[in-house]
Amino acid sequence: ELKVEQNPLFLSMQEGKNYTIYCNYSTTSDRLYWYRQDPGKSLESLFVLLSNGAVKQEGRLMASLDTKARLSTLHITAAVHDLSATYFCAVVGPSSGTYKYIFGTGTRLKVLA
Amino acid sequence: SQTIHQWPATLVQPVGSPLSLECTVEGTSNPNLYWYRQAAGRGLQLLFYSVGIGQISSEVPQNLSASRPQDRQFILSSKKLLLSDSGFYLCAWTLILRGRVTEAFFGQGTRLTVV
């Protein structure tokens, strides 16, 4: 069974600080997706990581993928209040030819002024 | 461009009543379609996914069912709702490009409260 785990589940941080969210998955996959969800809203795509070693950056967020370790990270640089949201990673699996889209547990981020 | 419509946005239903949520995709063909449920403050639970008309894969045994009567239409149903069916229901679609699944695009969601 494909499992996708994130940590931490909850993160409260001061503005201006840096932090990293981790996403571990249990099966082979060569791509990984990150999403953002604002309270009461749907999900918005942030990053698509397509291969081992892929790195994507948008503003204060940077995502990377290590397929050998089955690990992706979402790094937050100099956090601002607008980044407060829940962040999900997602993987397709558990095997090729399947289209199950499984999401991680989510990380609820709160940036304090 | 592709768009996804999901309705209704909110729904309050009594226990034991039926349910029908609809999702349609525009601007693309042969999408993979998904239904997720999100309990308050929790993650996304995959309920059903479909790779084509009439092809439904069920992930969680429960009193819900799904149907795909047309290529771009996905329906989530229940004959009798339970209190535990309350949650935020999200429809999503992906495509297959060069043999790989694309990122998922989500509808605006339906907030269901069973009372």
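This structure is a prediction, so every number in the text was calculated from the model and none was measured. (Residues numbered from 1 in each chain as written. Chains lettered and ligands numbered in written order. Predicted model: local features only at pLDDT ≥ 70, side-chain atom pairs only at ≥ 80, totals over all residues. Heavy atoms only, no water.)

Draft legend 1. Layout of unusual backbone geometry. That bond from Asn7 of chain A to Pro8 of chain A is cis: its omega, 0°, falls within 30 degrees of zero. In this structure, Pro8 of chain A sits in the loop between β1 (4-7) and β2 (10-14). A cis amide bond links Trp7 of chain B to the next residue, Pro8 of chain B, at an omega of 0°. By the secondary structure assignment, Pro8 of chain B is in the loop between β1 (3-7) and β2 (10-13). At Ala78 of chain A, a position not held by glycine, the phi torsion is positive, near 50°. The topology assignment puts Ala78 of chain A in the loop between β8 (71-76) and β9 (85-93). Phi angles above zero are rare outside glycine, and Asn30 of chain B is one such case at about 55°. Its location among the elements puts Asn30 of chain B in the loop between β3 (19-26) and β4 (32-38). Residue class for Asn30 of chain B comes out exposed when judged on its relative accessible area of 57%. (Helix = DSSP H or I, 4+ residues; strand = E, 2+ residues; numbered from the N terminus. Buried < 20%, exposed > 50% of the residue type's maximum accessible area, 1.4 Å probe, protein only.)

Draft legend 2. Region of the structure containing the pairing of strand β11 (residues 107-112) of chain A. Residue and element names in this part refer to chain A. Residues Thr107, Leu109 and Val111 line the buried face of β11, whereas the alternating positions Arg108, Lys110 and Leu112 sit on a face that is not buried. Taken together, the five bridges between β2 and β11 define a ladder with parallel strand orientation. In the sheet register, Met13 faces β11, and the bridge partner there is Val111. In the sheet, β9 pairs with β11 via three bridges, with the strands oriented antiparallel. (Pairing = 2+ DSSP bridges.)

Draft legend 3. Region of interest: the nonpolar core. With 46 residues, the main nonpolar core has Leu32, Trp34, Tyr35, Tyr101 and Phe103 of chain A together with Tyr36 and Phe106 of chain B as its most contacted residues. Looking at this core element by element, the count peaks at seven residues for β9 of chain A. Among the nonpolar cores identified, the runner-up in size contains 20 residues, and Leu19, Leu21, Leu47 and Leu64 of chain B belong to it. (Core = buried A, V, L, I, M, F, W, Y, C linked by side-chain atoms within 4.5 Å.)

Draft legend 4. Here's a closer look at the state of the cysteines. All names here are of chain A. Inspection of every chain in the model, using the stated rule, returns two disulfides over all chains. Across the disulfide from Cys23 sits Cys89; the S-S distance is 2.0 Å. Handedness of the Cys23-Cys89 disulfide follows from its S-S torsion of about 85°: it is right-handed. Separated by 66 residues along the polypeptide, Cys23 in strand β3 (residues 19-25) and Cys89 in strand β9 bring together distant segments of the chain. No difference in accessibility class separates Cys23 from Cys89, as the two residues are buried. (Disulfide = S-S within 2.5 Å.)

Draft legend 5. Local environment of the sheet that holds strand β8 (residues 73-78) of chain B. Residue and element names in this part refer to chain B. What the four strands build is an open sheet, ordered β1-β3-β8-β7; its pairing is antiparallel. The open sheet has two free edges, formed respectively by β1 and β7 (64-70), since each of these has just one partner strand. Between one strand axis and the next, the sheet turns through 15° on average, direction left out of account. Both β7 and β8 contribute to a ladder of five bridges, which runs antiparallel. (Axes fitted to C-alpha atoms, helices over the stretch in contact; angles between N-to-C directions.)

Draft legend 6. Fine view of the packing of aromatic side chains. Tallying each qualifying case throughout the model produces 13 aromatic pairs over all chains. Each ring, one from Tyr35 of chain A and one from Phe103 of chain A, has its centre 5.3 Å from the other, and the planes form 55°; the classification is tilted. With Tyr35 of chain A in strand β4 (residues 32-37) and Phe103 of chain A in strand β10 (residues 100-103), the pair connects residues that are 68 residues apart, well separated along the chain. Both residues of the pair, Tyr35 of chain A and Phe103 of chain A, belong to the buried class. Here Phe103 of chain A and Phe106 of chain B contribute two aromatic rings whose centre-to-centre distance is 5.7 Å and whose plane-to-plane angle is 65°, an arrangement assigned as edge-to-face. Taken together, the residues Phe103 of chain A in strand β10 and Phe106 of chain B in strand β12 (residues 105-106) connect one chain to another. For the residue pair Phe103 of chain A and Phe106 of chain B, the accessibility class agrees, reading buried in each case. These aromatic residues form a ring-pair network of at least three members: Tyr33, Tyr35, Phe88, Tyr101 and Phe103 of chain A together with Tyr34, Tyr36, Tyr49 and Phe106 of chain B. Sitting over the ring of Phe88 of chain B, Arg111 of chain B keeps its end group 4.3 Å from the ring centre. (Phe/Tyr/Trp six-rings, centres within 6.5 Å; stacked < 30°, edge-to-face > 60°. Lys NZ or Arg CZ within 6 Å of the ring centre and 35° of its normal.)

Worth remembering: the numbers are spatial, not functional.
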